[in-house]
Amino acid sequence: MSEGMNRRRFLSVLGVTGGGAAALGACGVGSEPAQKLIPYLIQPEDQVPGTATLFATTCRECPAGCGLHAKTREGRVIKLEGNRESPINHGRLCARGQAALEGVYNPDRVTTPLARTAQGTLEPISWDNALQRLGDHVKEARGKGIAFVTGHEAGVFGELVDEWTRGVGGRHVAYEPFAFEALREGNRLAFGIPAVPWYGIAGASYILSFGADFLDTWLSPVEYQRAFSRAHSFDASRGEAEAMAKFVFVGPRMSLTGMNADEWIPAAPGTEGLLALAMAEVIVRERLGASVDVGPVRDLLGRHTPDAVAGAVGIDAEAIARLAREFAKAGRGIALAGGIPAHYPNGAEIVAAVNILNYVVGAVGKTVQFGPNSSVDMASSFKEMVDLVADMQAGKVALLLVQGANPGHSLSSFMQAWSKVGFKVCFATMLDETASAADLVLPDLHPLEQWNDARPRAGVFALQQPVMQRVWPDARQAGDVLLALAGKSDTFKDYLQSHWRAAHARAGHAKSFDDVWNEALQHGGVYTDAGSQSVRLAPTAGHIMAGAPAAPAFDGNTGDPVLVAFPSAALYDGRGADKPWLQELPDPVSKIAWHAWVEVHPETAHKWGVVDGDYVLLTSPFGAVRAPVSVTPGIRPDVVAVPTGQGHTALGRYAKGRSFNAFDLLSGAANGYGGRTFAVRVAVTRTRDHRFLASSAGDPRDVGPGEEIIRVLPLARAQQLKPGDHPFLQREAPEYAEPALEGWAEEQRKKANLGDYAGPHPRWAMAIDLSSCTGCSACVTACYAENNIATVGEDLFVRHRQMSWMRIERYWRGGEGGEPVRGVVTPMLCQHCEQAPCEPVCPVYAAYHTPDGLNAQVYNRCVGTRYCANNCAYKVRYFNWYNFAEVGGEHEAWPAPLDWQLNPDVTVREKGVMEKCTFCVQRIRGAQHKARLENRVVHDGDITPACAQSCPSEAIVFGDLHNETSRVAQLAADPRGYHVLQELNTKSGITYLARVVHGEEA
Amino acid sequence: MTDWSRRAAAGIAFVLLLAIPAAAQTGQPAAAVKAPVVSDTGSLGGPRQPIFFRHDIHAGEYKIPCQYCHFSVAIASEPGIPSVQTCFGCHLMVGGSTPAHEAEIQKVRDAWSNETPPAWVRVHTLPAFVHFPHMRHIKALGANACTTCHGNVREMPQVRQVSTLTMGWCVSCHVQKQVTRDCSVCHY
Amino acid sequence: MTMTPTTAPERTTSRVTYDVVTRTIARTLGNPGRGYYLLLGTAVGLFAFGVICLLYLLRYGLGMAGYSMPTYWAIYITCFVFWVGIAHSGTLISAILFLFRSGWRTAVYRVAEIMTVFAVMTAGLFPLIHIGRQWFFYWLVPYPNERGLWPNFKSPLVWDEFAIGTYFTVSTCFLIMGLIPDIAAVRDVATGWRRKLYTLTAIGWRGTNEQWRHYRPAYLYLAALATPLVLSVHSVVSWDFAMAQVPAWHETLFAPYFVAGAIYSGCAMVITLLVPLRKLFRLEQLVTVHHFENLAKLCLLTGMIVCYAYSIENFVAWYGGPTPERQAFWYRAFGRFWWGGWTMNICNAFLPWLLWFKRVRTNITALFVIAFFVNLGMWMERFVIIAVHLAGEPFAPFVRAGYNATWADWGIMAGSFGWFFMWFLLFVKNFPSVSVAEVKEELPPPRRAAGKHA
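Residues numbered from 1 in each chain as written. Chains lettered and ligands numbered in written order. Predicted model: local features only at pLDDT ≥ 70, side-chain atom pairs only at ≥ 80, totals over all residues. Heavy atoms only, no water.

Chemist: Is there a simple way to think about the sheet that holds strand 20 (residues 525-527) of chain A in this case?
Modeler: Two modes of strand pairing occur in sheets, parallel and antiparallel, and in both the strands are linked by backbone hydrogen bonds. Residue and element names in this part refer to chain A. Spatial ordering of the open sheet is given by 18-19-20, a layout of three strands whose pairing is antiparallel. Every other strand in the sheet has two partners, leaving strand 18 (452-454) and strand 20 as the edge strands with one partner each. The sheet shows a mean angle of 20° between the axes of neighbouring strands, direction not considered. Note that strand 18 and strand 19 (residues 460-464) share three bridges and pair antiparallel. The residue bridging alanine 454 from the neighbouring strand is alanine 462, located in strand 19. Lying over the sheet, helix 18 (residues 492-507) contacts strand 18, strand 19 and strand 20, oriented at roughly 40° with respect to strand 18. (Pairing = 2+ DSSP bridges. Helix = DSSP H or I, 4+ residues; strand = E, 2+ residues; numbered from the N terminus. Axes fitted to C-alpha atoms, helices over the stretch in contact; angles between N-to-C directions. Contact = heavy atoms within 4.5 Å.)

Rendered as C-alpha cells:
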C-alpha cells in the first residue's frame, strides 16, 4: 500500500476538493443502476426478470464429480449450489466447487485463438487459421508421434479423445498430479482387483484413517464429509454404543481430517503399513475379527507383531494392541489408506496392508465394497506421464495437445522436454504455465459452458450442460474442435447424445430416449446402483513388506527432516490459484491465505531458532525453494510439510508470482508402483528474511486455547445429559438481580412493542453443531459468493482487513506435557443478539434491531464511525477501508467480467461503511415475498442461508426460534447448547452445540 | 434464430393479441380515451426515446393492459421490459394510420429484422441500495395500481417521472397505508 | 479547590504600574520578527501537509490510515481526546479561578483561554475526519427531514457532538468577552491598520463606569455558566468509552478520571506554551515564577488524582474484575504494546511526584521539561486506552492483532498541531495575550492618574 506520489494520482486527489465535492456528496452505496434499458429481442421462456433460474450440471473442479445447481439471473450464473438429487454430494458443495464461478468469469481468460509468432510472442489469429494450422500439423505428425494430455476424464469427452488419438495413431494420457496409483496397486496386491472401491463411512462405528485426508481432498471430500458427520457427530438418540463413531488418524501431519480425529497417531512416515499389519496380527491372534481365510497372509502377519514394529513405528506395542482391540470390538469399523502415505515409495504396500486389516476385521464387503468403484482410476498413472516425457525428450513426439491439465506447473521435467516437441497445442481457458509456452492456444469453454458428462463412480452418470451463454463468444469446446478436425459435421453435443442414445438402447429403457435425456438434464444425470462384488485375499498379499519391518528410505540425506507436500485444501494441485475466493480462503489448519508456507513443529522451530514468518531455504535433491515458516503443533518434530498450489509463473493476475511451488522439490521419476512420491528429505537453512504471514488468526501468543469460545464435552459426560440439562447455561447475573433484569427486559419489550414491532414476529436464529462442523470452510466461500463480499488481496489480508463475514476460528489445545494436541474449530459470524451491543452505540441507527430479530446493518445510512465494531464482543463486523467496487481502482475486487458474478439481490457496499452477516436477509425477504404471493406463511425450511446450504456436514440449521416445532428451536433447547460469551447477556441468536470427543479431555 | 421461426413466434404473439380486447375490457376505465395527435414532441415531458412509443395510444386508446407488455410485474420484483418480439407480434400486422406513426412503427420492424433492440432511456430509477419488489405492491394494491407511482401513463404520449421516488415519498405512503417502515425491508 | 494565595499581587507586581502593563502588552503586538514568521511558517506548513493527507483519506478511503481489525479506532480518536483534554484547563483557570477570586490567574488566564478555544477547534475536527463517509457527517446532527430519520440519542457519539458544540460556543464567548476592555486599551496606543482593527473589535468600549457596571456581572455570569462545562464536557467524552463494553473501557471511574486527566494535561500545556511565550515577549514582569508555581500545584493535584485513577483501575481489575478485565490490564502492562502502558504510567503517575518539591516547582526549566513529558504521557494514555485495548480485546482472542500507524495517521496528527499553533501564533501577535484590565485590577491605582488611558 505504499503511496507512490505520481503526478496523475496527486492531481486526482486534489480533484476531490474542486468538482469532486459534488461527486462525494452524491456518493450512495454501491454502483448506480444502468441508465439504458435494452430489451431482449425474444424473451427466453425460462427467464423471469428478477427471478433466479436453476440449471443442473456437474462440477469439474476435481474428479469427484459432484452435482451442481447453477443459479442464474437474467441469463448469468451468479451462484453454484449442490444438487440435492446427486448421490455424490446430496446438495452440498465445497469451497472449490463454489469457486468454479470465478473460473468462468475470470478476467484473464483466453478469449481468442493465439499463435506463436516468429518473435516468440503469442498473437491472436482467426479460428479458420488456427484450425488450418492444427489440421496441417496433425497431417504431418501422423506416424511421428502424437500425444494428447488431458486431465482426469471419466466421460464421453475422454472417449472422444481416445477415439481421436487412435484415429491419428497417437496416445492419450489423462494426467492428474494427485492420481491414485497406490490405491489401485494396493488393491491389486491385496485382492487382485486394480480398482478403487466404495467406502461406506456413514455406516462405520470406528473410522481408522492411515493418512487419507477424506475431508480435505481425498477422492470425494464432500461425499465423505457428509458421511463422516453422519457417523461421527454426536447423536444421543442413536443409543449408548452408537452415539458417536470414534475416529483415529494416523499420519505425520495433522491435516483438516487429522484435526477432526479423536486420536492422532503421528507414526513415523512410511510405517503406517507396519502399524496396520501389527493391528491385523493382534486381531487375528486374539480372534477378534471376522471368520475369514487369512491363509495368504499368515506368515506376513507373523513377521509383524506389535513388538516387532513398535520400534520402527515409534508407538509402544501396548497402544497398537489397544487400537486393534478397539477397532475390532467396534463392530462396523473401516480403515482407509490414502493421502500422503499413499504417495510414499511404499504407498501401494501401505494400502495393501490396510486392506488386509479391513479384510481380517470383516470390513470388506460391508463398509468397503468393490463394485460401485470410483472412476478416479481412469486417470493414467504417473509412470505413463514419465514415459511420455522421456519420449518427448527423445524427440519421439511431433505433436502434443494439452487440455484440462497443467503439467507445466506440477512437473518441471515436462517443461524441459517441451522444447523438443515439434508443435504444441493447448485447449485452455486460462494461460497457465503450459498454455503460455504453447505454439497454438485454442480458447476452450469453461465446464459451466460445456456439454459433457462424468461418471464419478460405477452406476452414476452425471450430465454436464451449459448453464449460460458463453462469456467469450469466440471460445470453442475442445470436443467440437476435435470433431471438426476429424472432419465430422456434428457438434460435441450430438456426439454426447449419440453415446447416451447407445447406452439407452443397451439398457433397453421403457421410456423414450428424449424423456430419459430431458429427465437427466433436469436431475443432473442418471443415478443407478452398481451391485457389489465379493473379494478374497490374493496370494500376492502375502508377499508385501518383504524384509525386516522398517521405515522406507526417502530421497535425500538421512538425518534431514522429511518434507511432505500435501494438496492444499483450497487450491488443490494449483488449479484453484486463479480464483480470488480460494486465494483468500484461509487454510483450514494453518489459517494462512494468499501464499504458501512450511509447517514446522514448535520444538524443531526452537531448535532452528525460527519463528512464524521467518524464511527458510528448503533444498531437496531435485530443487530448492524459500518458504516462510508457520509453527504448528500438528506435525511430527522430524517432519516438515508444504502445501501445493502456489508458486505459479503464469495463470493470471491472482496466481502469478505467489510464493513458491512445492512440486519443485519433488522427484520427477515414477516410483515402484508407477506413482509419484510426495515425500523427500530436505536440508533446511535459515535466511535473514522475514514476512508477516497473511493469517486470519491473530498472534499465537494472544490467541490461546479459546476455552470461552469453543466448549468441548467428553463423550461419557455428553451421554449422561438428559433433555432439560444445561451444563453450559451459566447465570448471567446474581440470583437477586435476575428478577430486576427480567423486569427491565420486559419493560423494554413493552416499550418497543410499537409500530412495526407490535404483534407476533419470527425470531430468526441459527444452531451450529460443533460435533458435526469439521472446519472445511465451504461456508466461508458460499458466504463470499452469496453476499458480494470483496476479496481484499494479500497486502490488506496481512493487515487483517479481510471482509469474511463468516470465519472459521481454529484454536490449538493440549500439546504441553505429553497431552495430545487437539485442534478445535468453530464458525464465527454475527450472533444477531437480542440485546446487541452494536445497536445502541450507532449514532445514526444504521445498526438497529428489526422486528424479526435481525441485527440489520443499513449500508446507505452508515457513516462509518466503527463504534459498533468496537462494541461487538464477537468482532464480526467488517469495514470497507477502500472502495472495492471502484472500476480500475487499486483494490478493485471484481474486475470485469468478474462483476457478473455479483448477486443482484445484495447491495455492493461502498467505501467507508460497515458490513456484516445479515443471515442472508435477501433470502429471508425472498421467501416472504414468495409466501405472500402464495397466500401462505413462511414454513420452517423455506429459508436456507448460503452457509447452511453449502455445509457438507449439515452442521448449520436456520429457522424461526418462536416456532416451537422448527428444527432450530428444538436444537436451541439441546443440552449441549450454549451461547458464546453468554455472560455478556447479549442473548445471542446463535446456539452452538458443544463439540463431543472420545476420551477424557474437555 | 432463423427468419422463419421469428415470423412464427410473431404470429403466435399476434394470435394472443386477438384475445386481448376481451381481457382489456375488464378493470379498465369505461370512458374511451382518444389519444391526441402530437405535433410538437419537444413540448412533451420526460426523456426522448429512440422510438416514439406512445403509451397513451397503446394503454389508453387501445386499452392494452399494462401487464401485456410488463409481463412479470405481478410475479417478480422486476416489471419486465417487453421484448421486440412482443412489439412485432402486433406490428407485423399493424402498420400505423398516419405517416408519422408509420415511420415510428417502421423502426420497430427494422429493430426486429436487424435484430437490434432499441436502447430505451430509463425513466424511473432507484439507487442500487433500494430493493423495490413490484409484485408485492401489485399484490397489495391490485393490477391497476401502476398509476399510484407511475402516474396515469394512459394519457402520456411520452412517459415522464411523476413521483419523486425519494425515500420520503415512499415512507409517506407506507405511513398512510400503515404498512411496515422497517428499514431492512427495502435496504439490504 | 481553594488554593489561591491572596497576598499574591503585592509580591508579584510591586514595581509594575498601569503604564508598564499597557506598554508591555502593546509591545507584544509590535511588528513580528523573523523568528515569529519562521514559527508561523512551520505551523502553516504542517497544517497544509495534514490537509493533503486528509484529501488522500477522502479520495481513497480510511484504508490509508493504519487501522486493522480489531483496532477500529486509533490515532485520530486519540488526538480528539487529547485536544479536548488540552482545552480544559483553560476554562478552569479563567472561569473557576475567577469565581474563586484567585488573583494569580490574571496573568495567565488569557493564554489558557485562547488555548481552550483553539484546542476545541482542533479536537472538533477529528470525529469528522475519522468517520468512514466524512461527507455525511451532518447525519449525526438532528434536523427535521421527510424520511422521519433522527440520530440515535442513546449513542454517546451524539452526546459528544452536543458537549463539544456547547463547550466551543461558551468558551469562545467567554474569550471575546474578556478581550473587549483589553482591545480598547491597546487600541489607544496602537496605530495604522491595527488601530482600525481594534476600534472595530473593541465595539466602542470606553471604560466608562456605566460599561464596567454592566460588564462585570455579565462576565461573572458567563464564568458561572462555563464552570459546569469543565466537568461535564470531558465526562461526556469519557462516556464514549465507559458506555461501551470493551474491557478497560467499561469503568464507572472514567468520568472523574478523564476530567482530572484533562485538566492535568491542560495545565501542562499552559506551562509548555507560557514558558517560551514569556521569553519571546519578555513578560517576566507580569508572568512570574509565582504564577508557574501555582500552575505546578494545579498539575500536582490533578496528577495525584490521575495517579490514583491508574492504581485503582488496575486494583479493581485484579480484585473484583472478571477474567477479560484482568486480561486487558495484563495486556496493557505486558502485551505487545507494553511500552505504551509504561510510558503513560511513568510520565503521568510518577513524574508529578517531583512537583512536591518547591525547588522543582519554582524552577522554570524543570517545569517545562516535566510539562512536556506530561503532555507526551497524556497523549500516550489516550492511545493506550483506545488503540491498545482494542488491539488486545480479550473477548475475541482469535482476531487479536497488532497495529501499525501510517503516514496518514501521523500526517493528520501533525496537521492538527499545525492548525492549533497557526491560530495561537496569529492570536498572540494581534491580540493581548495577557489580560491588561485584570492585571491592572491587581495593581495599586496610579497616583496622578488624571484621565490617562484606563
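Next comes the rest of the description.
Chemist: Would you explain helix 5 (residues 109-130) of chain C in this entry?
Modeler: Since the α-helix turns once every 3.6 residues, residues separated by three or four places project in the same direction. For helix 5 of chain C, with 22 residues, the first-to-last C-alpha span of 32 Å sits near the 32 Å given by 1.5 Å per residue. In terms of residue burial, helix 5 of chain C counts as a mostly covered element, since 18 of its 22 residues are buried. (Expected span 1.5 Å × (residues − 1). Buried < 20%, exposed > 50% of the residue type's maximum accessible area, 1.4 Å probe, protein only.)

Chemist: What's the story with the environment of A:Lys930 in this structure? I'm lost.
Modeler: On the secondary structure map, A:Lys930 appears in helix 29 (residues 921-933). On the basis of relative accessibility, which here comes to 47%, the residue A:Lys930 falls in the partly exposed class.

Chemist: Help me understand the interface of chain A and chain C, please; the structure alone is not making it clear to me.
Modeler: Frequently, the measure chosen for interface size is the accessible area removed from exposure when the parts meet. Between chain A and chain C, the residue contacts involve 68 residues of the former and 57 residues of the latter. A buried area of about 5,500 Å², summed over both sides, lies between chain A and chain C, and 59% of it is on carbon and sulfur atoms. A:Glu886 is the partner of C:Arg59 in a salt bridge, and the nearest nitrogen-oxygen pair spans 2.8 Å. The interface formed by chain A and chain C contains 34 residue pairs in polar contact (both at pLDDT 80 or more). Listed by contribution, the elements that provide at least two residues to the side of chain A that touches chain C are helix 1 (7-26), helix 22 (700-703), strand 30 (807-813), helix 27 (838-841), helix 28 (867-871) and strand 34 (878-879) of chain A. Examining the composition of the side of chain A that touches chain C, we find that nine residues originate from one element, helix 1 of chain A, more than from any other. Taken together, the residues of the side of chain A that touches chain C sort by class into 36 nonpolar, 14 polar and 18 charged. (Buried area = accessible area lost by both parts, 1.4 Å probe. Salt bridge = Lys/Arg side-chain N within 4 Å of Asp/Glu carboxyl O. Polar contact = N/O pair within 3.5 Å; in protein donor to acceptor, adjacent residues only side chain to side chain. Nonpolar A, V, L, I, M, F, W, Y, C, P; charged D, E, K, R; others polar.)

Chemist: Please clarify how the side chain of C:Arg194 should be interpreted in this entry.
Modeler: Residue and element names in this part refer to chain C. With respect to the helices and strands, arginine 194 occurs in helix 7 (residues 192-201). For the buried arginine 194, which has no salt bridge, the nearest side chain bearing the opposite charge is aspartate 182, at an N-O separation of 14 Å. Setting aside residues up to four positions removed in sequence, arginine 194 forms contacts with Leu29, Gly30, Lys429 and Asn430. (Lys, Arg positive; Asp, Glu negative; His and termini not counted.)

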